[in-house]
Amino acid sequence: MDIKRSCGVLLPVPSLPSKHGIGTLGSAAYDFIDFLRSAGQSWWQILPVGPTGCGDSPYQSFSSFAGNPYLIDLDELVRDGLLTKSEVESVNWGSVSDCVDYGTMYEHRSCLLAIAAGRGLARNDAAFSAFCAENESWLFNYALYMAVKKHFSMLPWIQWDEPIRLRSPEAVQHYSELLKDEILSCEYVQYLFFSQWKKLRAYAHKKGIGIIGDMPIYVALDSADVWAEPEFFELDKDNVPTAVAGVPPDYFSAEGQLWGNPLYAWDRLRDDGYGWWIRRVDGASKLYDVLRIDHFRGFESYWAVPYGSETAKNGQWRKGPALDLVGRLTAWFSNVKFIAEDLGTLTPEVHELLKESGLPGMKVLEFAFDPETLSDYLPHNYPENCVCYTGTHDNMPLAGWRDEASDDQLAFAEEYLGSDDVCQAVLRCGLRSRAGLFIAQMQDYLALGAESRINTPGTPYGNWRWRMEPDALTPELAKKMRRMAYIYGRCSDE
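Note that the coordinates shown come from a computational prediction; the quantities given were computed from them, not determined experimentally. (Residues numbered from 1 in each chain as written. Predicted model: local features only at pLDDT ≥ 70, side-chain atom pairs only at ≥ 80, totals over all residues. Heavy atoms only, no water.)

Caption draft 1: Up close: the pairing of strand E4 (residues 243–247). Where burial is concerned, most of E4 is hidden: 5 out of the 5 residues are buried. Bridging between E4 and strand E7 (residues 301–306) involves 4 bridges; their strand directions are antiparallel. By the bridge assignment for E7, Val 244 is matched with Val 305. Bridge count for E4 against strand E5 (residues 257–262) is 3 bridges, and the pairing is antiparallel. By the bridge assignment, Val 244 is partnered in E5 with Pro 262. (Buried < 20%, exposed > 50% of the residue type's maximum accessible area, 1.4 Å probe, protein only. Helix = DSSP H or I, 4+ residues; strand = E, 2+ residues; numbered from the N terminus. Pairing = 2+ DSSP bridges.)

So this is what it looks like as structure tokens:
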């Protein structure tokens, strides 16, 4: 990956503190970048920032290109004259500071952003016109999709009236005219998101902080991606999936995980030169400095579950495009760094694909301490070309993991680490490992437990809600983190 020995923190943008119910691209994000800098960190890893759908999962987005309107900072819109302070303060954003209330977001955020868009459009902003021209490959289709979705009471597109569901030219023309104001407003909201993102990313770079973003291998069925370009997905003549994505039973779930995403029509994608994937990575590269490819093993072979199945148990493995696609992406985007999320059920073929790609894989410390076997996740087994994590967003924070570990696991961890302060020892173990990059969840440095877990795989609701308290990041914590990074040769400016 050609990243010098360094370290960073995993914290989703919605998990930042905010007085408006959800973390945004506003002052708390800038403060967090300052904190990372003072703590000797080089990287901020986040989750996908696309608009979220059912279950509020960032891995089930309405678009793999668009930004999440919830993350637009309202205070900045007030400073820009697009909203008034009284309009923002008229909404009850809730009194619970450590939890996102997505119901409030859905009910009130869109209304305020529509007001801001109306005022912004009245300015006849040349920058907005330029933004639309630069993003014409996805922006109009996304805005039309969202406008039509709203017209049909937010139903999934596969339940829309057939002409527009199948995108007949006449229906597209009809709804484009009928909903032109809503479409334009949606485009302007995207302009606001990307304008704020661009400023935040430039600030991060100024402070020496790179942004690691997650790129899910699959896109949501209920998305502009599938509706606008169904030919690249495994659908029948009525654009209904024949099989969907998931994983078989594993460490996370005895039932497997039924994700429900449509599978790719790999033959048609290959015949098109993988243009859809090239456009997708190009879009992601405008957001992130490093792309973590979620479920990388799906490029080698993927789990296909018959559409309509209630669990993922009855799927089967199919061969993916492997190096034909991965090699094309790494060659095409030679200036983009990638991380391969190579977790799950791995085969010799997956290991070989990772080796041939040259990409760094992932090592998760919470998987390491199996008393029955000397795991590859134990740090003494790491190559330099890998990324070490305490845990991912799908894992417990360290304190929660410690509390739920078996007695045998905990005893082995204490023996291996040489300490009965397991959480601190795991952090230090990762920092001193050979891995080129070390990432910990922010909760691990804050010593938070199960209450701060981001996601529990296999549970469709109640996830993605934890938020950090406004006073959590202290100079003392930054000093401690910086010292740890320095001792183990990972400090950003040493």
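Caption draft 2: Representation of the packing of aromatic side chains within the structure. Enumeration according to the criterion identifies 38 aromatic pairs in this entry. Between Phe 152 and Tyr 175, the aromatic rings sit 6.1 Å apart at their centres with planes inclined by 55°, giving tilted as the arrangement. Here Phe 152 is found in the loop between helix H6 (139–151) and helix H7 (162–165), whereas its partner Tyr 175 is found in helix H8 (residues 169–178), with 23 residues between them in sequence. The burial state of Phe 152 is the same as that of Tyr 175; both residues are buried. Put simply, the rings of Phe 65, Phe 128, Phe 131, Trp 138, Tyr 142, Tyr 188, Tyr 191, Phe 193, Phe 194, Trp 197 and Tyr 288 pair up and form one aromatic cluster. Note that Arg 109 overlies the ring of Trp 93, its terminal NZ or CZ placed 5.2 Å from the centroid. (Phe/Tyr/Trp six-rings, centres within 6.5 Å; stacked < 30°, edge-to-face > 60°. Lys NZ or Arg CZ within 6 Å of the ring centre and 35° of its normal.)

Caption draft 3: Representation of the side chain of Arg 280 in the model. Mapped onto the elements of the fold, Arg 280 is located in helix H12 (residues 275–285). For the buried Arg 280, no salt bridge is present, and the opposite-charge side chain at shortest range is Asp 225, 6.5 Å distant. (Lys, Arg positive; Asp, Glu negative; His and termini not counted. Salt bridge = Lys/Arg side-chain N within 4 Å of Asp/Glu carboxyl O.)

Caption draft 4: Spatial organisation of the packing of helix H1 (residues 27–38) against helix H9 (residues 180–206). Interhelical geometry of H1 versus H9 gives an angle of 15° and a closest axis separation of 10 Å. For the element pair H1 / H9, the angle class is roughly parallel. Between H1 and H9 the crossing geometry is right-handed. Contact with H1, carried on its side by Ala 29, Tyr 30, Ile 33 and Asp 34, involves Gln 196, Lys 199, Leu 200, Tyr 203 and Ala 204 of H9 and no other residues of that element. A breakdown of the residues in the contact of H1 with H9 according to their chemical character gives 6 nonpolar, 1 polar and 2 charged. (Axes fitted to C-alpha atoms, helices over the stretch in contact; angles between N-to-C directions. Parallel < 35°, antiparallel > 145°, perpendicular 65-115°, else oblique. Left-handed = near helix turned anticlockwise from the far one by under 90°. Contact = heavy atoms within 4.5 Å. Nonpolar A, V, L, I, M, F, W, Y, C, P; charged D, E, K, R; others polar.)

Caption draft 5: Summary view of the packing of helix H17 (residues 422–432) against helix H19 (residues 475–487). Direction vectors running N to C along H17 and H19 enclose 40°, while the axes themselves pass 9 Å from each other. In terms of axis orientation, H17 runs oblique to H19. H19 is crossed by H17, and the crossing has right-handed handedness. Along the contact surface, H17 presents Gln 424, Leu 427, Arg 428 and Leu 431, while H19 presents Lys 480, Met 484 and Ile 487.

Caption draft 6: Looking closely at the pattern of salt bridges. Inspection of the entire model under this criterion finds 21 salt bridges. Note that Lys 150 and Glu 182 form a salt bridge whose closest N and O atoms lie 3.5 Å from each other. Linking Lys 150 in helix H6 with Glu 182 in helix H9, this pair joins segments that are 32 residues apart in sequence. The residue Lys 237 makes a salt bridge to Asp 238 at a minimum N-O spacing of 3.3 Å. Given the relative accessible area of 31%, Asp 238 is considered partly exposed. Ionic contacts of the salt-bridge type, sharing partners, join the residues Asp 214, Arg 292 and Asp 294 into one network.

Caption draft 7: Inspection of the sheet that holds strand E10 (residues 361–364) at higher detail. The strand order E9-E6-E3-E2-E1-E12-E11-E10 describes an open sheet built from 8 strands, whose pairing is parallel. Across the chains shown, the open sheet's two edge strands, defined by having one partner strand only, are strand E9 (337–340) and E10. For this sheet, the mean inter-axis angle between neighbouring strands, taken without regard to orientation, is 25°. Two strands pair when backbone bridges link them, and strand E6 (residues 290–294) and E9 are joined in this way by 4 bridges, in the parallel orientation. Bridge pairing links Ile 293 to Ala 340 in E9. Packed on one face of the sheet, H12 meets strand E3 (210–216), E6 and E9 and runs near 150° to E3.

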